[in-house]
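Residue-level structural notes
The chain contents come next:
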Amino acid sequence: MIPLHKGLVSKHITAGTCERYRCYSTGVPFEVVYQYTASYKYRRGGWTEETSRNKDVRWYGERSLFGEHLWTEQLPVYLCEGETDAMRLSQYITYGYCLALGGKPATDALPHIKDTLLRFAGDNPITLCFDADKSGQEYTRQFSKLLGSRVCFILDLPPGVKDICQLDPDV
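Residues numbered from 1 in each chain as written. Predicted model: local features only at pLDDT ≥ 70, side-chain atom pairs only at ≥ 80, totals over all residues. Heavy atoms only, no water.

Here the structure, examined in full by the defined rule, presents five aromatic pairs. Geometrically, the ring pair formed by Trp71 and Phe120 is tilted, given 4.6 Å between the ring centres and 50° between the ring planes. Taken together, the positions of Trp71 in the loop between β4 (46-48) and β5 (77-80) and Phe120 in helix α3 (residues 110-121) put the pair 49 residues apart, joining distant regions of the chain. Here Phe120 falls in the buried class, since its relative accessible area comes to 2%. (Phe/Tyr/Trp six-rings, centres within 6.5 Å; stacked < 30°, edge-to-face > 60°. Helix = DSSP H or I, 4+ residues; strand = E, 2+ residues; numbered from the N terminus. Buried < 20%, exposed > 50% of the residue type's maximum accessible area, 1.4 Å probe, protein only.)

Moving on, we get to the pattern of salt bridges. Going through the model one piece at a time under the given rule, you end up with one salt bridge. When the shortest N-O distance is used, the salt bridge between Arg141 and Glu138 registers 2.4 Å. Of this pair, Arg141 and Glu138 both sit in helix α4 (residues 134-147), three residues apart, roughly one helical turn. Owing to a relative accessible area of 36%, Glu138 belongs among the partly exposed residues under this scheme. (Salt bridge = Lys/Arg side-chain N within 4 Å of Asp/Glu carboxyl O.)

Here Phe66 lies in the loop between β4 and β5. Sequence separation of Phe66 and Ala100 is 34 residues, and the distance between their C-alpha atoms is 4.9 Å.

Another point: the sheet that holds strand β6 (residues 97-100). Whenever strands of a sheet pair, they do so through backbone hydrogen bonds, lying parallel or antiparallel. Reading across the sheet, the four strands line up as β6-β5-β7-β8 and stay open at both edges, with parallel pairing between neighbours. At either end of the open sheet lies a strand with only one pairing partner, and these are β6 and β8 (151-154). In this sheet, neighbouring strand axes are inclined to one another by 25° on average, regardless of whether the strands run parallel or antiparallel. Summarising the sheet, β5 and strand β7 (residues 126-129) pair through four bridges and their orientation is parallel. When the sheet's bridge partners are listed, Val77 is paired in β7 with Ile126. Its contacts with the sheet put helix α2 (residues 83-90) on β5, β6 and β7, and the angle it makes with β6 is roughly 170°. Relative to the sheet, α3 contacts β5, β6 and β7, its axis offset from that of β5 by approximately 150°. (Pairing = 2+ DSSP bridges. Axes fitted to C-alpha atoms, helices over the stretch in contact; angles between N-to-C directions. Contact = heavy atoms within 4.5 Å.)

As structure tokens, then:
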């Protein structure tokens, strides 16, 4: 069992949120272990096992979005760029799922991601929640095109906030 510390304090993510997302802090700054049921993550060319020095990421091949294990019914979906963004935003969201791409998906993974998002959302809205930077603008463009009319909202971060993880924890 991986020890659960106080959460990702530097990103204002609580231990409870880490537990919900099965994301465990090792106590080393920015070193986090995400636990899944199988050790595969999608990369260009197919499903491959992935282990890196800073995190051990385990994704089941059919389930390519971080946070999908929270799905129990069709609810509104908030799609984020990265894992910590989804975890941080979920502390503001009381109804719906905060999911994350967890890195730039390969082009051939996009149809699967679209199908998964539509299945999660059902008739509920899909909100794009990407950072206010160049890559966030690219994700917004790409997923607005991919999901079309299913995108109901695009999150507008407050002035001066470039990253969802920078949202004020006391708001």
